[in-house]
Structure formats: C-alpha cells, structure tokens
Amino acid sequence: MTQTDTVSRILDAAEVLFAERGFTETSLRTITSTAGVNLAAVNYHFGSKKELIQAVFERFLTPFTQSLVGELDRREATDEPLNAEVLLDSLYRVAMASLEREGRDPQRFMRLLGLAYTQYQGHLRRFIVSRYGDSYRRFAGLLSKALPGLDPVTFYWRLYFMLGATIFTLSSFDAIEAILKEDFGAESSLQETLERLVPAAAAMLHAGD
C-alpha cells in the first residue's frame with residue numbers, strides 16, 4: 001500500500017465515522033481499524049486527531065473555496081446585480097459540484113459541518129478561518145452588500161439561521177424526502193430541493209425588510 005493509499009483510506013474512514021458517531025465519540029483506534037492501517041500511520045501522516053479532523057474538512061473545503069472564488073470572479077465581471085438569491089444559488093451550485101467532482105457524499109459532509117457547530121471544535125474554527133477566511137469574508141461581504149440597512153449583529157444571526165436551515169435540509173435529505181413521499185406521494189431530487197431552498201434562504205435573510 002502506497003503512502004497516498006494509506007492517507008486516503010484513513011481520511012475515508014474518518015469521514016464516515018465522524019459523520020456517523022461524532023468527533024468526540026470516534027477514537028483513532030476505531031478509525032485505523034476501519035481503514036485497515038496501524039495507529040502509527042495516523043500519527044505519522046497527520047500528527048494528531050485534531051489535525052486529522054482538519055484534513056477531513058480540508059479535502060472538501062480547498063477545492064470548494066477555489067471554485068467559489070472563480071464563480072465570484074465570474075459574477076463580479078458581469079453587470080448582473082449580485083442579490084441574495086444570485087449569491088446563494090452560486091454557493092449551493094458550487095458546493096454540490098465540488099462534492100460531486102471530489103466523489104464526496106453531500107449529506108455526509110453536511111452532517112460533518114453541522115457537527116462542527118454542535119460539537120464545538122475551536123481548533124477547527126481557527127483552522128478554517130486561517131485557511132479560508134479571506135474567501136468567507138469576501139462572500140459574506142457581498143451578501144451583506146446585497147442586504148443594505150442590516151446592522152452587523154442582525155446580519156450575523158440571519159446568516160446563521162440560513163446556514164442552519166441549509167445544513168439541516170441537506171444533511172437530512174433522505175429522511176425529509178421519505179416523509180414527503182409518504183405524506184404527499186411526491187418525490188424531489190437534491191437539485192430540485194436546492195432550487196426550492198434558494199428563495200427560502202434568501203427570504204430568511206430579507207425577513208422584516
């Protein structure tokens with residue numbers, strides 16, 4: 001097994017187990033057992049459990065952020081007004097395309113993202129801010145500009161209300177879609193759900209305007 005294979009197997013196992021059990025509840029020994037490698041391999045390639053958690057997120061966030069920056073560059077080069085719906089549509093499309101391109105499960109990653117908030121990981125927040133903060137601030141700045149008149153605290157809360165709705169919807173998509181089918185005899189693809197989510201999330205940001 002090459003070093004690249006070892007790293008990929010550890011990351012794949014960690015991604016699945018963290019999403020299923022949570023960060024605190026998942027031991028390195030469980031990860032290495034699932035990956036079929038020895039415990040020393042984690043220490044050698046990642047150094048610690050915290051750095052392994054960061055690497056799981058980095059595997060998605062780096063290509064996603066690069067694609068988002070490219071999308072924002074393209075949008076800003078046109079005369080199209082960047083309202084909240086346009087920006088959210090760009091965010092969701094780029095996220096789904098990045099996950100598909102990298103072979104990542106959207107629901108699993110959204111569960112991980114939700115856990116990053118519900119099982120507070122200070123090191124992870126610091127890692128994300130230091131590595132991707134410029135891109136986040138650029139997107140948030142454009143979104144704030146599209147919502148003139150909102151004070152910073154109100155914008156902060158509305159942004160996290162929107163993110164919470166997004167994470168819940170996408171991380172629980174299979175369960176929500178099953179309820180939709182049982183109660184209404186209807187079906188919805190992930191893409192159709194995102195198309196419904198964009199105006200709903202934008203309305204959440206605009207609430208009370």
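Details of the structure are given in the entry above.
Report on the accompanying structure. What you are looking at is a predicted structure, and each value in this text was computed from that prediction instead of being measured.

1. Details of the overall build of the protein
Phase 1 of the analysis: Each helix and strand counted, the protein has ten helices and zero strands in total.
Phase 2 of the analysis: For the protein, the sequential pattern of α-helices and β-strands runs α-α-α-α-α-α-α-α-α-α.
Phase 3 of the analysis: A compact globule built from 209 residues would reach a C-alpha radius of gyration of about 17 Å, and the protein, at 19 Å, matches this within 12%.
Phase 4 of the analysis: Overall, the protein is about 55 × 45 × 30 Å in size when its C-alpha atoms are taken along their principal axes.
Phase 5 of the analysis: Counting every position in the protein, which comprises 209 residues, the buried fraction comes to 44%.
Phase 6 of the analysis: Taking all contacts inside the protein whose residues are at least 6 apart in sequence as the whole, residues at least 24 apart take part in 73%.
Phase 7 of the analysis: Carbon and sulfur atoms form 55% of the exposed surface of the protein, whose accessible area is close to 11,400 Å².
Phase 8 of the analysis: Side-chain charges of the protein comprise 22 positive and 27 negative groups, with the mean position of each set lying 8 Å from the other.

2. Quick word on the packing of aromatic side chains
Phase 1 of the analysis: The full count for this structure, using the stated rule, is ten aromatic pairs.
Phase 2 of the analysis: Taken together, a centroid distance of 5.3 Å and an interplanar angle of 15° make the contact between Phe-60 and Phe-64 stacked. In this pair, Phe-60 and Phe-64 are both assigned in helix H4 (residues 49–76), four residues apart and thus about one turn of the helix distant. There is no split in this pair, since Phe-60 and Phe-64 are both buried.

Rules of the game
Residues numbered from 1 in each chain as written. Predicted model: local features only at pLDDT ≥ 70, side-chain atom pairs only at ≥ 80, totals over all residues. Heavy atoms only, no water. Helix = DSSP H or I, 4+ residues; strand = E, 2+ residues; numbered from the N terminus. Rg over C-alpha atoms; globule rule 2.2 N^0.38 Å. Buried < 20%, exposed > 50% of the residue type's maximum accessible area, 1.4 Å probe, protein only. Contact = heavy atoms within 4.5 Å. Areas by Shrake-Rupley, 256 points an atom, 1.4 Å probe, with all protein chains shown as cover. Lys, Arg positive; Asp, Glu negative; His and termini not counted. Charge placed at Lys NZ, Arg CZ, Asp CG, Glu CD. Phe/Tyr/Trp six-rings, centres within 6.5 Å; stacked < 30°, edge-to-face > 60°.

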